[in-house]
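The chain contents come next:
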Amino acid sequence: MGVDFGVPHFDAGLEELGLLAQTAGYRVAERVTCKRRAPDPALFVGSGKAEEIKMLAQAAGAAEVLFDQSLSPAQQRNLERHLGLPVNDRTLLILEIFAQRARSHEGKLQVELARLQYLSTRLVRRWSHLERQSGGIGMRGGPGETQIELDRRMISEAIKRTKDRLEKVKKQRATQRRQRERRDTYSISLVGYTNAGKSSLFNALVKARAYAADQLFATLDTTTRQLYLGEAHRSVSLSDTVGFIRDLPHGLVDAFAATLQEAADADLLLHVVDASNPAHPEQIASVMGVLKDIGADHVPQILVFNKLDAVEHANAPRALSDAMELEGQSVPRIHVSAHTAEGLPALRALLAERVLAQTEDPGHMTPGASPEIGNPVS
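Parameters at a glance
Residues numbered from 1 in each chain as written. Predicted model: local features only at pLDDT ≥ 70, side-chain atom pairs only at ≥ 80, totals over all residues. Heavy atoms only, no water. Helix = DSSP H or I, 4+ residues; strand = E, 2+ residues; numbered from the N terminus. Expected span 1.5 Å × (residues − 1). Buried < 20%, exposed > 50% of the residue type's maximum accessible area, 1.4 Å probe, protein only. Arc of directions from axis to C-beta. Contact = heavy atoms within 4.5 Å. Pairing = 2+ DSSP bridges. Axes fitted to C-alpha atoms, helices over the stretch in contact; angles between N-to-C directions. Left-handed = near helix turned anticlockwise from the far one by under 90°. Nonpolar A, V, L, I, M, F, W, Y, C, P; charged D, E, K, R; others polar. 1 Å grid on protein atoms, 1.4 Å probe; cavity = no way out; pocket = protein on both sides within 12 Å on 5 of 7 lines; lining within 4 Å. Points joined across faces, edges and corners; volume = space filled by probe spheres on them. Core = buried A, V, L, I, M, F, W, Y, C linked by side-chain atoms within 4.5 Å.

A. Examining helix H2 (residues 47-60) more closely. Its 14 residues give H2 an end-to-end C-alpha distance of 20 Å, which sits within 8% of 20 Å, the value for a rise of 1.5 Å per residue. Residues of H2 that are buried include every one of Lys 49, Ala 50, Ile 53 and Ala 57, and no others. The arc that holds the buried residues of H2, viewed along the axis, is 100°, so those residues lie on one side. Residues of H2 that are exposed and point over 90 degrees away from its buried face: Ser 47, Gly 48, Met 55, Gln 58 and Ala 59. Those residues of H2 that are buried are in contact with strand S2 (33-35), strand S3 (65-67) and helix H3 (73-83). One or two steps after H2, the chain reaches Gly 61, where phi turns positive at roughly 70°.

Right, dumping it as structure tokens:
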């Protein structure tokens, strides 16, 4: 279900929500859209449209209703009562996908924290994965304490425990980062909208075997490898990060701060764009918004327009390398295909130029460098 409030990025076909649903393991039975000036305070879509959704859901045998926009806890509860079905929004759907895909210890902690923070406002049958501790004298749950107070306290304590564990992991990552800085490693991070082909490009550049698939959020955990640039006669550190998406839940931006810190601390960002997607301008804007949120908008970028092999002939670029204006600045752009390797030699050459320029520029220092000794400090 999608509601058009007149915003420019409204997905009239609900294509992205459908892909998210399929990634989470759902089978889409029906798609419904409508136009409104503002959300209905009680049912988000109004009683008439809610009744239409109920009839369609019954006819299609649907087991759940997904909304493309975020719902308030009250709207979610009211819709579930009216429809007689579980109702979830885009935010929870993304969180569920992340929970399914996280592999590293840090990734799992980050996802759990985001889910707990989101579900703490709902408190309605949505956290059965948590187990209440049992005990005797001195345990919580006095005679005057209601069930919802127990629930709220339980989730609050789970959030605190997860934050403490995540803080330890952040310290470990910070130590690893300082060790790389002491080795004067030039770091490059791949960023971009989900399914732009970052992992495929990463594999093509470093001959790695990172998981890559034509689906949303195929990769969640940051992977770092060494990339040797022959023209520069040295290796650089290349990191593949989680993909961004429109309306990324703020809880995830906060929870993934440690992982996304790789991008904020990088010397260069390769902003990977799906050149074959007609909505790529909006996707670029979404990525730039998240980069601002994590403090990485100041890092120099190269726009890498990927999937050149999938671009229609009429829209093919005149040159593989050019420049594009991005938020008032001219940014280098290069067209490549991670699938066919077209443009990759030119990309490697451009990266080597950047590394050599930093090496030859005596005034350039990576973040944290000491002017006296010329080496990064902690």
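B. Molecular detail of the side chain of Thr 223. The residue Thr 223 is located in strand S6 (residues 223-229) in this model. Sequence-distant contacts of Thr 223, defined by excluding residues within four places in its chain, comprise Phe 202, Leu 238, Ser 239 and Asp 240.

C. Molecular detail of the pairing of S6. Here seven bridges tie S6 to strand S7 (residues 234-240), and the two strands are oriented antiparallel to one another. In the strand pairing of S7, Arg 225 is matched with Leu 238. Hairpin connection, S6 to S7: the antiparallel pair is bridged by four residues, and His 233 has positive phi, about 55°.

D. Just the packing of helix H1 (residues 15-23) against helix H4 (residues 90-101), in detail. Where H1 meets H4, the closest approach of the two axes is 9 Å, and the angle between their N-to-C directions is 35°. The two elements H1 and H4 cross, and the hand of that crossing is left-handed. Contacts from Glu 16, Leu 17, Leu 20, Ala 21 and Thr 23 of H1 reach H4 at Arg 90, Leu 93, Ile 94, Ile 97, Gln 100 and Arg 101. Along the lines of polarity and charge, the residues of the contact of H1 with H4 split into six nonpolar, two polar and three charged.

E. Looking closely at the layout of surface pockets. For the largest pocket, the calculated volume is near 710 Å³. Around the largest pocket, the lining is made up of 33 residues, and of these Glu 16, Tyr 193, Arg 246, Gln 283 and Ser 286 lie nearest the centre. A total of seven residues in the lining of the largest pocket trace back to one element, the largest contributor, which is helix H10 (residues 280-293). By residue class, the composition of the lining of the largest pocket is 14 nonpolar, nine polar and 10 charged. If you add up the space inside the second largest pocket, you get close to 490 Å³. Taken together, 22 residues line the second largest pocket, and the ones lying closest to its centre are Val 28, Ala 29, Glu 30, Ala 62 and Glu 64. Among the elements of the structure, H1, H2 and S3 are those that each provide at least two residues to the lining of the second largest pocket. Looking at the lining of the second largest pocket, the element that brings in the most residues is H2, giving four residues. Tallied by class, the residues present in the lining of the second largest pocket amount to 16 nonpolar, two polar and four charged.

F. Focus on the sheet that holds strand S8 (residues 268-274). Taken in spatial order, the seven strands of this open sheet run S6-S7-S5-S8-S9-S11-S10, and their pairing is mixed. A strand with exactly one partner marks an edge of an open sheet, and here the two such strands are S6 and strand S10 (321-326). Within the sheet, the average angular offset between the axes of one strand and its neighbour, ignoring direction, is 30°. Two strands pair when backbone bridges link them, and S10 and strand S11 (residues 329-335) are joined in this way by six bridges, in the antiparallel orientation. By the bridge assignment for S11, Leu 326 is matched with Gln 329. Together, strand S5 (187-192), S8, strand S9 (301-306) and S10 form the strand contacts of H10, whose direction differs from that of S8 by roughly 150°.

G. Quick peek at the environment of Ile 53. Tracing the sequence through the fold places Ile 53 in helix H2. Classification of Ile 53 as buried rests on a relative accessible area of 5%. For the pair formed by Ile 53 and Met 1, sequence separation is 52 residues and the distance between their alpha carbons is 8.5 Å. Sequence-distant contacts of Ile 53, defined by excluding residues within four places in its chain, comprise Met 1, Val 45, Val 65, Phe 67 and Leu 83.

H. Region of the structure containing helix H7 (residues 198-206). Counting buried positions over the nine residues of H7 gives eight, a clear majority of the element. Looking at the residues trailing H7, positive phi occurs at Lys 207, about 55°.

I. Expanded view of the nonpolar core. Within the largest apolar cluster, 46 residues are counted, with the highest numbers of intra-cluster contacts made by Leu 20, Phe 217 and Leu 291. Counting residues per element, the ones that place at least two in this core are H1, H4, helix H5 (105-119), helix H8 (250-255), helix H9 (257-264), S8, H10 and S9. With six residues, the single largest contributor to this core is H4. Sequence-distant contacts of Leu 20, that is, excluding residues within four places in its chain, are made with Arg 90, Leu 93, Ile 94, Ile 97, Leu 216, Phe 217 and Ile 245. Ranked by size, the runner-up nonpolar core spans 28 residues in total, among them Leu 205, Val 206, Ile 334 and Ala 338.

J. How the structure looks around unusual backbone geometry. Phi at His 233 is positive, roughly 55°, even though this residue is not glycine. Note on placement: His 233 falls in the loop between S6 and S7. Backbone geometry places Ala 341, a non-glycine residue, at a positive phi of 75°. Turning to its location among the elements, Ala 341 is positioned in the loop between S11 and helix H11 (344-360). Residue class for Ala 341 comes out partly exposed when judged on its relative accessible area of 37%.

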